[in-house]
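# Coordinates in review
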Amino acid sequence: MSPTFESTCPLNCWDLCGLNVTVENNKVIDIKGQKNHRITKGFICQKGKKFVKRIYDSDRLTNPLLKGNESWNEISWDKAIKIISSKLQDCINNDSRSILFYSDSAHGGVLKNLESRFFNALGNVTVPRGTLCWSAGMKAQDLDFGLSVSHDYSDILNSNLVLIWGRNPSDTSIHQMYYIKLAQKNGTKVIVIDPRKTRTAKQADEYISLKPGTDGALALAMANHIITNNYHDNKFISRYVKGFKTFKKHIEKYTPKWASKETGIDENKIKELAYEYANLGSSSILIGYGIQRYTNSANTVRSIDSLAAITGNIGIPGGGANYANKQVTNFIDIPLLTW
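Residues numbered from 1 in each chain as written. Predicted model: local features only at pLDDT ≥ 70, side-chain atom pairs only at ≥ 80, totals over all residues. Heavy atoms only, no water.

### Some points on the sheet that holds strand β7 (residues 189-193)
Spelled out, the test is: For two strands to be treated as a pair, DSSP must find no fewer than two bridges joining them. For helices the rule is a DSSP run of H or I covering at least 4 residues; for strands it is a run of E covering at least 2, with both sets numbered from the N terminus onward. Whether two residues touch is decided by their heavy atoms; if any such pair falls within 4.5 Å, the residues are in contact. Between the N-to-C directions of two axes lies an angle of 0 to 180 degrees, each axis being a line fitted to C-alpha atoms and, for a helix, fitted only over the stretch in contact.
If you walk across this open sheet you meet the five strands as β8-β7-β6-β9-β10, and the pairing is parallel. At either end of the open sheet lies a strand with only one pairing partner, and these are β8 (206-208) and β10 (321-322). As paired elements, β7 and β8 share three bridges and run parallel to each other. The residue bridging I193 from the neighbouring strand is I208, located in β8. Sheet strands touched by helix α9 (residues 215-228): β6 (161-165) and β7. Its angle to β6, the strand with the most contacts, is close to 150°.

### Focus: the pairing of β6
Let me state the cut-off plainly: Each residue is assigned to one of three classes by its accessible area relative to the maximum for its type, calculated with a 1.4 Å probe on protein chains only: buried under 20%, partly exposed between the two thresholds, exposed over 50%.
Among the five residues in β6, five count as buried, and that is most of the element. The alternating pattern of β6 places L161, L163 and W165 on one face and V162 and I164 on the opposite face, and all of these are buried. Of the strand pairs in this sheet, β6 and β7 are connected by five bridges, and their pairing is parallel. Looking at the pairing, V162 lines up with V190 of β7. Strand direction decides the pairing type here: β6 and strand β9 (residues 283-287), joined by five bridges, are parallel. Its bridge partner being in β9, L163 is matched across the sheet by I285.

These values are about where atoms sit, not about what they do.
Structure follows, in structure tokens:
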């Protein structure tokens, strides 16, 4: 009988699906989900199921390619390493800053930091600030909360209302969707806010479509309606929120009527959404990365964060403005890995 090893999916979604990998003659022959895994419960997505094909497919590149005049030509690893090391050495001899190190894709595990360690050892190389992925939203939450963290998936079971804002967990985080469906079955209301009617939107109790890039306008109008009608949590605000008076004054002009023209959402629907978010009890917002890829994107995330702050939906079961989750990084000595 072929041995089976416990492993974890190498992709960079938060789920970290548990895998049972069967090996025969030093070759992976089968991958299945671990049925006893707390979150994944034996499920793996289509990407996970195709790892075997990805490893052994005949079209997979297994050797370096060198660009010729009209085509790419296969070369040996020894030759590729010699070419790269020679060019790196030339750069170091002249000005190491001519080496650009850019890395921010695929698996984001601890060992990926070894890339930084290698380039740091080369000298004073050029490293860009920020990323094209999610950094604007994280910087926004750093300003609002000190750190961008999220509740455990299972905490959705404590929510009375879930706003899935520009996020599509049916396709991007199926194990989060498991808890969303379970909460929905137990009576939690699920509303999706998204320009596109995604698979998640089709499974929600309500779907609200808005014009792309107008999420901030919707959030500010909701905050306006909440404050105007005294739906906000004064006790929480007085203890934990800084700058509320300035914020209240600032959003006076961002009325639901104004936002209706900006977003394409009916004015009364904006008021209803604001009322439900502020009055149904513990409410969770799940924020997607797409909304912070527009101009002024960090302030879009901050506008959504403000809704959680003024209603006291921070630091309670079933609440939160959930965007990224940097809790684990607090336990990793990154400088030791990268220096």
